[in-house]
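# Structure assessment
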Amino acid sequence: IHPRRYFVDLTSMKEHFRSKVHKKRLKQLREAPYTQEEAERAAGMGSYIPPKKVEVQTQPLEEVIEMEASS
């Protein structure tokens with residue numbers, strides 16, 4: 001799930017995509033969410049299996065094109 005934010009204009013959206021906040025959030029989203037099964041394994045109730053990585057990308061450029069066309 002990609003974080004959804006609304007921006008005043010295209011410039012502020014591009015600026016956000018280059019920001020440290022955006023890059024940090026994408027990095028956090030790459031790991032699968034913590035589950036009850038993982039908690040039980042960590043407590044010694046099963047074998048540890050490392051969390052799987054999830055592919056997260058920045059919003060597609062199609063939305064950028066739509067935003068430019070509407071203004």
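Residues numbered from 1 in each chain as written. Predicted model: local features only at pLDDT ≥ 70, side-chain atom pairs only at ≥ 80, totals over all residues. Heavy atoms only, no water.

## Describing the overall build of the protein
For the record, the criterion: Helix and strand labels come from DSSP, where a helix needs a run of H or I of at least four residues and a strand needs a run of E of at least two; each type is numbered from the N terminus. Burial classes follow relative accessibility: with a 1.4 Å probe on protein chains only, a residue under 20% of its type's maximum area counts as buried, one over 50% as exposed, and anything between as partly exposed. What makes two residues a contact is simply this: any of their non-hydrogen atoms within 4.5 Å.
Across its full length, the protein carries four helices and zero strands. Along the chain direction, N to C, the helices and strands of the protein fall in the order α-α-α-α. Within the protein, the fraction of its 71 residues that count as buried is 20%. Across the protein, the fraction of contacts at a sequence separation of at least 24, relative to all contacts at a separation of at least 6, is 58%.

## Concerning the confidence of the model for the protein
The criterion, for reference: Every residue is assigned a pLDDT by the predictor, reflecting its confidence on a scale from 0 to 100.
Across the protein, the average pLDDT comes to 76, with 73% of residues at or above 70. The lowest-confidence element of the protein is helix α4 (residues 61-70), averaging 60 in pLDDT; the highest-confidence one is helix α2 (residues 20-29), averaging 86.

## A short note on α2
This is how the line gets drawn: What the arc covers is the set of directions going from the helix axis to the C-beta atoms.
Within the span of α2, buried status applies to His22, Leu26 and Leu29. Down the axis of α2, the buried set is contained in an arc of 65 degrees. They therefore lie on one face. Among the exposed residues of α2, those oriented more than 90 degrees off its buried face are Lys20, Val21, Lys23, Lys24 and Lys27. Buried residues in α2 make contact with α1 (10-17).

## Description of α1
Of all the residues in α1, the buried ones are Leu10, Met13, His16 and Phe17. Down the axis of α1, the smallest arc covering the buried residues is 125 degrees, so these residues share one side. Summarising the geometry of α1, the exposed residues directed more than 90 degrees from the buried face are Thr11 and Glu15.

## Description of the side chain of Glu38
Keep this limit in mind: Residues scored as positive are Lys and Arg, those scored as negative are Asp and Glu, and His as well as the terminal groups of each chain are ignored. Definition used for salt bridges: Asp or Glu carboxyl oxygen within 4 Å of a side-chain nitrogen of Lys or Arg.
Summarising the element assignment, Glu38 is placed in helix α3 (residues 36-42). Summary of buried charges: Glu38 has no salt-bridge partner, and the nearest side chain of opposite charge, Arg41, is 5.1 Å away. The contact partners of Glu38, leaving out residues within four places of it in the chain, are Pro33 and Pro51.

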